[in-house]
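Observations on the model geometry
These are the residues of each chain, in order.
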Amino acid sequence: MLSVIPLLSISGNNMPVRKNLCENWKFKQVRNYNWYQATVPGVVHTDLLNNKLIEDPFFRLNERGIQWIDKEDWLYETTFDLDESLLKKENITINFDGLDTYADVTLNGVKILSANNMFREWKSGVKGILKPKRNKLQVYFHSPIKITMPQWEALPFQYRSSNDQSENGGLFDRKVGIFARKAGYHFGWDWGPRLVTSGIWRPVYLEAWDNARIQNVYYKQSSVTPREAVLDVTIEVVSGKTTNASISIYNRTDKRIESKETIQLTRGLNKIPVSFRIKNPKLWWTNGLGEAFLYDFSAQLRIENEIADTNNQKLGIRSLKVITKPDQYGESFYFELNGKPIFAKGANYIPCDNFLTRVTKSIYEKTILDAVNANMNMLRVWGGGIYENNIFYDLCDQYGILVWQDFMFACSMFPAEGDFLENIRLEAIDNVRRLRNHACIALWCGNNECLDAWFNWNWKNTYDKQNPVYSGEIWKQFTDQYFVVLPAVVEEHHPGACYRKSSPYSDNNGTRNHTVGDMHYWEVWQGLKPLSQFMYEKSRFFSEYGFQSFPEFESIKKYAPEPADWNITSEVMMSHQRGGMSANNRINNFLLEEYKKPKDFRSFIYMSQLLQADAMKMAMEAHRRDMHFCMGSLVWQHNDCWPVASWSSRDYYGRWKAQHYFTVKSFADILISPVEEDGKLHIYAVSDRLKNTSGVLSIQVIDINKGIVLQKDVKISVPSNASTLVYTYMTEKLPVGLNKENAVVHLEYIDNHGEIYENNIFFTKYKEIHFPKTAISTKLVAVKDGCELTLTADKFVRGTFISLEGKDDFISDNYMDLLPGKSVTVKIITALNLPEVKKNLQIMSLADSTE
């Protein structure tokens, strides 16, 4: 620390100037003449939709009728004027933060750049091309199909790409998506449509400056302990000349200058190292473990005693490591935050929309807060989407959500050589440098399932039989990409960060090893093993597992409003299911194995969500009980990109499915989890807390028709950061006359601070339990932002589902079990008054929904 003086005011005419160029755009189909208003950032599909030239692609079967769009070229154009003050700056560049994907850019008739990667940032010097008035900027987007089709046709073999829906796009088996450095899911996935976009999908602007500007600042956290943080900072300054300058790091949080250096800049790029220490730093913690504290730093460049440029950065100071070391089981795999092993609780994240520019700040915030409120501490940014917008990582920093960051490669092999591999390398550099200061970045991963597919999806064997030369060529490209180029980028630009070659990964041979590395577990959904298998599967880290359900009925009515569509085999419902022709029937088959037959379509939709929730609850609890052998549980998936039957726990409209409500309890800081084995009920207490706790565990044996018939209260101790067997109950001690078809055990743990944790366990499948039909009494009370609803029933009620007809208002808890005589109160956040809530209120349960 050099001083505690306040920050000097920023002034002077030498500061860089930015001019937004996102206004006044128009677009047209190249081979037509009509121009239409365009929105930037945006894509062709949304511009066509805004101009009412196409119908909503998400409604019913409309996706089919717009597959022509990606076969066309499109032209975007704007004009703009400039102030003389900007034109007089010594350096002016035009910057495109994202162009999707194949684009030629001209300014005043001069071609200034060509783009071929939607994940890269593109810029060009334009000082000598600009003029004061009527500057014309044009972006010509080439059809991604026209560009990639000749590459597909030129090869004697084809790269495997398991999810490209080329047939839906009228391309037969020509899966061309792997040739484009573009979001893979745009070409379709097993939860998403085929909508191949083009457009200026991130901001475009001019930057102008004199003398010098700060290009990038990297805060390397070389050592972090509770007593001291050592930060080694690299400040990149681009200078137009040789000149004396000073550089300083101002801590705006503590209002002090941490470092100040006098330097000499040379023409071109200057990398200036600066180091400082913070005593007793406030550390950044994940959701549930502490405050996600962010420092506010400002790097300041001064030339001739005037501030020439600043760079502001929110920074969470933390020690974060991935621990992989041999142990008695195999090899550990867990995250260590500030010296503490943490169990990763979270989900896999995909883009929130097929049309990325429709994802607003409020959608991002709700998406992250829904993870926070479900007690998650990690999201995996999956490799078939995008390197997300900055706001996504800002929110994860703010709310304490770690990010497992895939590079954008998934379920395919890629032609990774020559110019294509260099394009990948530059893409990786852009995004590693953009994201490396975020406290949330936990690791970088080369791809999603590409290694597993090569060895375990019969891809390697197929290529070997076809031609071993092709197989060898593809494998070399694979290793060059994931074993050489990408780890080298991480090592150079984010030194010390963890890089993993693929997910799942245990070794370079794609071995599926339960004792080493991470696992994607799909033996239930894809392998058709019984749901109970989720209880027994073991891994050091589950980075994927899941089970499908349908969206809530109110969501279905938005994209399938006709009663004729309300059948799982209708054309519309099948179109909004991309998991295969049999996927809807698979849900039905699993459901009938566990539950009685639903009485109608709406009941089936509701029961599909209970089925998914019960399955994922089973898996989550098993993973957490297995702590410390298992140290991660990331469910597939957190969200949807369009309205669809899928593995998500929140549908496209943001409605929570039953699974998300169940996750709140399954991922709570303390989990009370019962398991029945050999006539014994083993009760585990799993704690993520960093301190031991204790309390009272109440074990209630309940007759679903009569209420509590036996209760036992025991004092228990719950060790910190551990899974502990705290009590064993002999199930053969069930009271006389009570059998497994009408019994449930309710567990309630109250800790020494009064926090309550509950769970229920049944002793047989739900279809064998005779849940009674019973009236549920309701009481509504007006409160701020809505109302409180209190529910009470005389008998046990399984899966009580609350909804408001035609509304998407949020309900604080849902799909809950009601115990006989015990009231439950939830909050409904709504703008409706009490009479309107009462009119629209609907309540259903499992007993109401079966034949």
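Attention in this report is confined to the structure presented alongside it. Note that the structure is a prediction, hence the values are computed from the model and not measured.

Another point: the overall build of the chain. Tallying secondary structure elements over the chain gives 15 helices and 42 strands in all. Here the C-alpha radius of gyration of the chain, 29 Å, is about what a compact globule of 851 residues would show, namely 29 Å. In terms of overall dimensions, the chain has C-alpha extents of about 90 × 65 × 65 Å along its principal axes. Each of the 851 residues in the chain was classed as buried or not, and the buried ones make up 60%. Long-range pairs, those at least 24 residues apart, make up 71% of the contacts in the chain between residues at least 6 apart in sequence. With the model as given, the accessible surface of the chain reaches about 33100 Å², and the carbon-plus-sulfur share is 48%. Distance from the positive charge centre (99 side chains) to the negative charge centre (100 side chains) of the chain: 2 Å.

In terms of residue burial, strand S10 (residues 204-209) counts as a mostly covered element, since six of its six residues are buried. Judged by which residues are buried, S10 turns out to be covered on both faces: Val204, Leu206 and Ala208 on one side and Tyr205, Glu207 and Trp209 on the other are all buried. For strand S1 (residues 17-20) and S10, the ladder comprises four bridges, and the chain directions are antiparallel. Looking at S10, one finds that lysine 19 is bridged to leucine 206. Pairing analysis gives six bridges linking strand S5 (residues 91-96) to S10, with the strands arranged antiparallel. Bridging across to S10, asparagine 95 finds its partner in tyrosine 205.

What follows deals with the packing of aromatic side chains. Tallied over the full model, the rule gives 67 aromatic pairs. When the centroid spacing of 6.0 Å and the interplanar angle of 25° are considered together, the rings of tyrosine 606 and phenylalanine 801 count as stacked. One end of the pair, tyrosine 606, is in helix H13 (residues 601-625); the other, phenylalanine 801, is in strand S38 (residues 797-804), with 195 residues separating them in the sequence. Plain terms: the ring middles of tyrosine 606 and tyrosine 815 are 6.3 Å apart, the flat faces sit at 10° to each other, and that makes the pair stacked. Pair noted here: tyrosine 606 is in helix H13 and tyrosine 815 is in the loop between strand S39 (810-811) and strand S40 (816-818), with a separation of 209 residues, a long-range link. Classification of tyrosine 815 as buried rests on a relative accessible area of 1%. Taking the ring centre of tyrosine 205 as reference, the NZ or CZ of arginine 18 above it sits at 3.8 Å.

What follows concerns the sheet that holds S38. Taken in spatial order, the three strands of this open sheet run S40-S38-S42, and their pairing is antiparallel. Both edges of this open sheet fall to S40 and strand S42 (841-844), since each of them pairs with a single strand only. Taking the axes of each pair of neighbouring strands and ignoring which way they run, one obtains an average angle of 40° across the sheet. Looking at chain direction, S38 and S40 are connected through two bridges and run antiparallel.

Compared with an ideal rise of 1.5 Å per residue, which puts 26 residues at 38 Å, helix H9 (residues 468-493) spans 36 Å between its outermost C-alpha atoms and is within 8% of the ideal. Maximum bend of H9: about 30°, positioned at glutamine 481. Where H9 begins, one side-chain oxygen reaches toward the backbone nitrogen of valine 469, 2.8 Å away; that side chain belongs to asparagine 467.

Counting through the fold element by element, threonine 790 comes out in strand S37 (residues 786-793). Engagement of the side chain of threonine 790 in a polar contact is seen with the side chain of threonine 825, the distance being 2.8 Å. Ignoring anything within four residues of it in the chain, the contact list for threonine 790 reads Ser777, Thr778, Lys779, Ser823, Val824 and Thr825.

Before going further, it helps to spend a moment on the nonpolar core. Nonpolar side chains tend toward joint burial in soluble globular proteins. Tyr76, Phe96, Leu99, Val139, Ile200, Phe392 and Phe407 are the most contacted members of the largest nonpolar core, which totals 203 residues. For this core, the element with the most residues is H13, which contributes 12 residues. Leave out the neighbours within four places in its chain, and tyrosine 76 touches Trp25, Lys26, Phe27, Ala38, Val43, Val44, Asp47, Leu137, Gln138, Val139, Phe141 and Ile200.

A few words now on the pattern of salt bridges. According to the stated counting rule, one finds 52 salt bridges in the structure shown. A salt bridge links arginine 433 to glutamate 236; the nearest nitrogen and oxygen atoms lie 2.8 Å apart. Of this pair, arginine 433 sits in helix H6 (residues 418-435) while glutamate 236 sits in strand S12 (residues 228-239); the two residues are 197 residues apart in sequence, bridging distant segments of the chain. With its nearest N and O atoms 2.6 Å apart, the salt bridge here joins arginine 798 to aspartate 614. Taken as a pair, arginine 798 in strand S38 and aspartate 614 in helix H13 lie far apart in primary sequence, 184 residues in all. In this structure arginine 798 comes out as buried when scored by relative accessible area, which is 3%. Take aspartate 614: its relative accessible area is 11%, and that puts it in the buried class. Beyond isolated ion pairs, a larger network of salt bridges with shared partners links Glu554, Lys557, Arg602 and Glu805.

The strand order across the open sheet built from three strands is S18-S19-S20, with neighbouring strands paired in antiparallel fashion. The open sheet terminates on both sides in strands that have one partner only, identified here as strand S18 (320-323) and strand S20 (340-342). Ignoring strand direction, the axes of neighbouring strands in this sheet form an average angle of 35°. Where S18 lies against strand S19 (residues 334-337), four bridges are found, and the strand directions are antiparallel. In the strand pairing of S19, leucine 320 is matched with leucine 337.

With that settled, consider unusual backbone geometry. Look at the link from aspartate 100 to threonine 101: it is a cis peptide, with omega at -5°. Within the secondary structure layout, threonine 101 lies in the loop between S5 and strand S6 (102-107). Looking along the chain, the bond that leaves tryptophan 636 and enters glutamine 637 is cis, with omega of 10°. For glutamine 637, the location among the structural elements is in the loop between strand S28 (632-635) and helix H14 (658-666). Phi is positive for asparagine 211, which is not a glycine, with a value near 60°. If you trace the backbone, asparagine 211 turns up in the loop between S10 and strand S11 (212-224). Of note, aspartate 678 is a non-glycine position whose phi angle comes to about 50°, a positive value.

Let's shift gears to the environment of isoleucine 386. Following the sequence through the fold, isoleucine 386 ends up in the loop between strand S22 (378-381) and helix H5 (390-399). For isoleucine 386, a relative accessible area of 2% puts it in the buried group. In the structure, isoleucine 386 is positioned 35 residues away from proline 351 in sequence and 7.1 Å away in space, judged by C-alpha atoms. Setting aside anything within four residues of it in sequence, one finds isoleucine 386 in contact with Met118, Phe119, Ala183, Trp201, Arg202, Pro351, Leu356, Val381 and Met408.

According to the stated counting rule, one finds zero disulfides in the structure shown. Cysteine 630 forms no disulfide, and the closest cysteine sulfur to it belongs to cysteine 498, at a distance of 17 Å. Cysteine 630 gets classed as buried once you look at its relative accessible area, which sits at 1%.

Rules used throughout
- Residues numbered from 1 in each chain as written.
- Predicted model: local features only at pLDDT ≥ 70, side-chain atom pairs only at ≥ 80, totals over all residues.
- Heavy atoms only, no water.
- Helix = DSSP H or I, 4+ residues; strand = E, 2+ residues; numbered from the N terminus.
- Rg over C-alpha atoms; globule rule 2.2 N^0.38 Å.
- Buried < 20%, exposed > 50% of the residue type's maximum accessible area, 1.4 Å probe, protein only.
- Contact = heavy atoms within 4.5 Å.
- Areas by Shrake-Rupley, 256 points an atom, 1.4 Å probe, with all protein chains shown as cover.
- Lys, Arg positive; Asp, Glu negative; His and termini not counted.
- Charge placed at Lys NZ, Arg CZ, Asp CG, Glu CD.
- Pairing = 2+ DSSP bridges.
- Phe/Tyr/Trp six-rings, centres within 6.5 Å; stacked < 30°, edge-to-face > 60°.
- Lys NZ or Arg CZ within 6 Å of the ring centre and 35° of its normal.
- Axes fitted to C-alpha atoms, helices over the stretch in contact; angles between N-to-C directions.
- Expected span 1.5 Å × (residues − 1).
- Bend = angle between axes of the 7 residues up to and from the residue.
- Polar contact = N/O pair within 3.5 Å; in protein donor to acceptor, adjacent residues only side chain to side chain.
- Core = buried A, V, L, I, M, F, W, Y, C linked by side-chain atoms within 4.5 Å.
- Salt bridge = Lys/Arg side-chain N within 4 Å of Asp/Glu carboxyl O.
- Disulfide = S-S within 2.5 Å.

Keep in mind these values describe shape, not function.
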